[in-house]
Structures are given as C-alpha cells and as structure tokens.
Amino acid sequence: LVAGEKERGTLETLLSSPALRSEIVWGKLGAVASFSMLTAVLNAGSMLVTSAFVFQQIGIAGATVGAPPVVPMLWLFVALVPLSCLFSALALAVAAMARSSKEGQYYLMPLMMVTLPLVMLPMLPGMNFTAGTSLIPVTGMFLLVRSLVEGQFTEALLHLPMVFGMTAACLWL
C-alpha cells in the first residue's frame, strides 16, 4: 500500500489531502490487517476441507472429519486479531522504506525469516509455557492459545498479563 503509492507517485497526493497522516496510517494498517485476517480464515477453512477430502479418500478407519470443536476455534480467532495486527504493522513499516513494490517484497523476506522461528518455537517438543516463554512476542501468544485449547485455563490466566503486555508493547512500537 505504501511502496506501490511511492512507485506510482500518488503518495504525495494522498499526503496533501485534508486527512491527517495518522488517519492515513491507521487506514492503511486497517486494510492490511483486514486482508491478513481474511487470508488466515480462508487458509484454515481450506486446510479443513482438504484434510477432510484426503481422509475420506484414503479411508482412515472410517474416519469422518467434521468441523473442529467450536471452543478451540474461538480461541484461535481471538488470538488472530492481535497477531494479524502485529504482523501487518511490521510489514507496513518495513515496506514503507521501499521505493517500489518489488523492493518492498525484498524487504519483507528478512521479516518473514525472523518471525518464522518465533512461530515454530511453540511446536518444539518439551516447550512449556513459563514466565520466560510468555515474554517472547509471537511464541507467547501461540503458547497461550495452546494452553486454552488444551483446557489449562489456570496456566493461561497466570501468563495472560505478560503475553498481553508484550503483545501490546510490540503493537505500540
């Protein structure tokens, strides 16, 4: 949204409009976060449909794969909002440094390479939800959701302020 406008030369026109710069930034962030959340929801839906089709085709013990349990999916959707906003803000900030859309894509690759281990860390065997792991920005949110999905509500409530505080600090930055 920013690099493309810089490339086309329309960013100056937008900045000379009566809208405040903060309103323009919030609008762009809202658009990127909305598309990010929609993409995540569509991705989860397509994985569900694909896995149901594959299980049906290979006939795993007559397994009938239906909709996932409602409560864990609600927890995932609650975590989707701050994580989408965080990644959208990071992507928008990094892409704003680019002069063209192509250059913006090059700048986003290191961002993805840095955040990918943070997403994969909670999946490691033996990774527990502690005070230290709850302070890792993305990892803490995934561990919180894992605790909620597993029904460990006391552990989740214990670490919720730290995860919320770290995520809020990252969003503010």
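Definitions and limits used
Residues numbered from 1 in each chain as written. Predicted model: local features only at pLDDT ≥ 70, side-chain atom pairs only at ≥ 80, totals over all residues. Heavy atoms only, no water. Helix = DSSP H or I, 4+ residues; strand = E, 2+ residues; numbered from the N terminus. Buried < 20%, exposed > 50% of the residue type's maximum accessible area, 1.4 Å probe, protein only. Contact = heavy atoms within 4.5 Å. Areas by Shrake-Rupley, 256 points an atom, 1.4 Å probe, with all protein chains shown as cover. Lys, Arg positive; Asp, Glu negative; His and termini not counted. Charge placed at Lys NZ, Arg CZ, Asp CG, Glu CD. Salt bridge = Lys/Arg side-chain N within 4 Å of Asp/Glu carboxyl O. Axes fitted to C-alpha atoms, helices over the stretch in contact; angles between N-to-C directions. Parallel < 35°, antiparallel > 145°, perpendicular 65-115°, else oblique. Left-handed = near helix turned anticlockwise from the far one by under 90°. Nonpolar A, V, L, I, M, F, W, Y, C, P; charged D, E, K, R; others polar. Core = buried A, V, L, I, M, F, W, Y, C linked by side-chain atoms within 4.5 Å. 1 Å grid on protein atoms, 1.4 Å probe; cavity = no way out; pocket = protein on both sides within 12 Å on 5 of 7 lines; lining within 4 Å. Points joined across faces, edges and corners; volume = space filled by probe spheres on them.

Engineer: Sorry if this is basic, but what is going on with the overall build of the chain here?
Structural biologist: Helix and strand counts for the chain stand at 8 helices and 0 strands. Starting at the N terminus and ending at the C terminus, the chain contains elements arranged as α-α-α-α-α-α-α-α. Viewed in the frame of its principal axes, the chain has a C-alpha envelope of about 60 × 40 × 30 Å. When the 173 residues of the chain are sorted by exposure, 27% land in the buried category. Put simply, of all contacts in the chain between residues at least 6 apart along the chain, 58% involve residues at least 24 apart. Accessible area for the chain stands at about 11100 Å²; split by element, carbon and sulfur atoms hold 75% of it. The average position of the 7 basic charges and that of the 7 acidic charges among the side chains of the chain differ by 7 Å.

Engineer: Hey, could you run me through the pattern of salt bridges in this one?
Structural biologist: Note on pairing: side chains with opposite charge can pair once their charged atoms come close. Enumeration over the complete set of coordinates arrives at 2 salt bridges. We note a salt bridge from Lys28 to Glu5, for which the minimum N-O separation is 3.0 Å. Here Lys28, found in helix H3 (residues 21–58), pairs with Glu5, found in helix H1 (residues 3–8); they are 23 residues apart in sequence, far enough to count as distant. A single burial state applies to Lys28 and to Glu5, both of which are buried. Taking the shortest distance from any N to any O, the salt bridge between Glu103 and Arg99 comes out at 3.7 Å. For Glu103, a relative accessible area of 15% translates into the label buried.

Engineer: Where do I start with the packing of helix H7 (residues 137–149) against helix H8 (residues 153–172) in this structure?
Structural biologist: The interhelical angle for the contact between H7 and H8, taken along N-to-C directions, is 155 degrees, at an axis separation of 9 Å. In terms of orientation, H7 and H8 fall into the roughly antiparallel class. Judged by the sense of rotation from one axis to the other, the crossing of H7 with H8 is left-handed. Residue-level contacts link Pro137, Gly140, Met141, Leu144, Ser147 and Leu148 of H7 to Phe153, Glu155, Ala156, Leu160, Val163, Met166, Thr167 and Cys170 of H8. Residue classes in the contact of H7 with H8 are distributed as 10 nonpolar, 3 polar and 1 charged.

Engineer: Help me understand the nonpolar core in this model?
Structural biologist: Counting residues in hydrophobic clusters, the biggest one holds 13 residues, and the most contacted among them are Phe129, Met141, Leu144 and Val163. Broken down by secondary-structure element, the contributors of at least two residues to this core are helix H4 (70–95), H7 and H8. Broken down by element, the residue count for this core peaks at 6 residues, all from H7. Excluding its chain neighbours within four sequence positions, the residues that come into contact with Met141 are Ala79, Pro82, Leu83, Val163 and Thr167.

Engineer: Would you take a moment to explain the layout of surface pockets for this structure?
Structural biologist: Think of a ball as big as a water molecule: rolled over the atoms, this probe shows where empty space is left. Taken as a whole, the largest pocket encloses approximately 1200 Å³ of empty space. In terms of lining residues, the largest pocket is bounded by 38 residues, among which Ser36, Ala40, Asn43, Leu80 and Ser84 are the most central. Broken down by secondary-structure element, the contributors of at least two residues to the lining of the largest pocket are H1, H3, H4, helix H5 (101–120) and H7. With 12 residues, H4 is the single largest residue contributor to the lining of the largest pocket. For the lining of the largest pocket, the class distribution of residues is 27 nonpolar, 10 polar and 1 charged. The space that makes up the second largest pocket amounts to roughly 440 Å³. Lining the second largest pocket are 20 residues, with Val25, Leu29, Ala89, Leu92 and Ala93 positioned closest to its centre. Every element with two or more residues in the lining of the second largest pocket is listed here: helix H2 (11–15), H3, H4 and H8. Looking at the lining of the second largest pocket residue by residue, the class counts come to 18 nonpolar, no polar and 2 charged.

Note that every value here comes from positions in space, so none of it alone points to a role or purpose.
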